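Residue-level structural notes
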Amino acid sequence: MGNNKYKILIVEDEANIRSFIKANLETSDYQVLCAETCALGIMMYASHRPDLIVLDLGLPDRDGLDLIQKVRESDTVPIIVLSARSNERDKVEALDLGANDYITKPFGTEELLARIRAVLRSHRHSEEEESSPGGKFHLQDLLIDYDTRQVFVGKEEIDLTQTEYNIMAFLSVHAGKVLTYAAIIRAVWGYSDYGSVKKLQVNMKNIRKKMGVTPGEKRYIINELGVGYRMLAEDEA
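Here's what I pulled together on the structure shown here.

About the cut-offs
- Residues numbered from 1 in each chain as written.
- Predicted model: local features only at pLDDT ≥ 70, side-chain atom pairs only at ≥ 80, totals over all residues.
- Heavy atoms only, no water.
- Core = buried A, V, L, I, M, F, W, Y, C linked by side-chain atoms within 4.5 Å.
- Buried < 20%, exposed > 50% of the residue type's maximum accessible area, 1.4 Å probe, protein only.
- Helix = DSSP H or I, 4+ residues; strand = E, 2+ residues; numbered from the N terminus.
- Contact = heavy atoms within 4.5 Å.
- Pairing = 2+ DSSP bridges.
- Axes fitted to C-alpha atoms, helices over the stretch in contact; angles between N-to-C directions.

Things to note about the nonpolar core
Grouped together as the largest cluster of nonpolar side chains are 31 residues, with contacts concentrated most on Leu142, Ile144, Met168, Leu171, Met211 and Met231. Put simply, the parts of the chain that give this core at least two residues each are β6 (136-139), β7 (142-145), β8 (150-153), α6 (162-173), α7 (181-189), α8 (196-210), β11 (221-224) and β12 (228-231). For Met231, the residues in contact, after removing those within four places along its chain, are Phe137, Leu139, Leu142, Ile144, Met168, Leu171, Ser172, Ala175, Gly176, Tyr220 and Ile221.

Put into structure tokens, the structure is as follows:
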């Protein structure tokens, strides 16, 4: 194994193409995992948490779009679609669901490797730019510790999911500013779909419940109806 630590999952049912991609990636010092069905791809993604997924759409058990949807429920891991489907509708659908790139078969090895490098580089920079700062955020009896990713109300630690914490951290970094639903969704999930606003609202309801905020109470986070949310600034009452 070389110095390249990136782990790539190939989800492709054609054995010759799968083997060809695997050989080229391993030559470039990537760690490679392979799956020949959508179900196995989802299972291997959950087990191994790859740094990037190369995905065929025409899989024998389910459409590859199902894998994109499943992964994008909780993760922004880069996904490059590698498919024989060349019409615009398929490309737009895959990209709208959250794919980072779309390459049509047949493809060139150098092009594939270049696209992989570009997507990994872009994702790394995005993570660095959007990462929460160190230190702490105080608002009334609310404390967010960015270094430990902990949230407290008074002396009680609030048990938030990773997604719920990411929402809280993003709002607090921009405390005092109204953030649109779309901005929050992009920051937390890295993509948008028809159910994104509802998903955000459900997470926000759970956050408020865990923090002991009753419906309609304007404490910590204000809901700007039809627009988005605003975390109160540290100096606000």
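What to know about the sheet that holds strand β10 (residues 179-180)
Pairing is antiparallel in the open sheet, where three strands are placed in the order β10-β12-β11. With one partner strand each, in any of the chains shown, β10 and β11 form the two edges of the open sheet. Relative to β12, β10 runs antiparallel, the two sharing two bridges. Within β12, the residue paired with Thr180 across the bridge is Gly228. Where α6 meets the sheet, its contacts fall on β10, β11 and β12, and the angle it forms with β12 comes to roughly 65°.

With respect to unusual backbone geometry
Lys105 connects to Pro106 through a cis peptide bond whose omega is -5°. In this structure, Asp29 takes a positive phi of about 70° despite not being glycine. Within the secondary structure, Asp29 is located in the loop between α1 (15-27) and β2 (31-35). Asp29 gets classed as partly exposed once you look at its relative accessible area, which sits at 32%.

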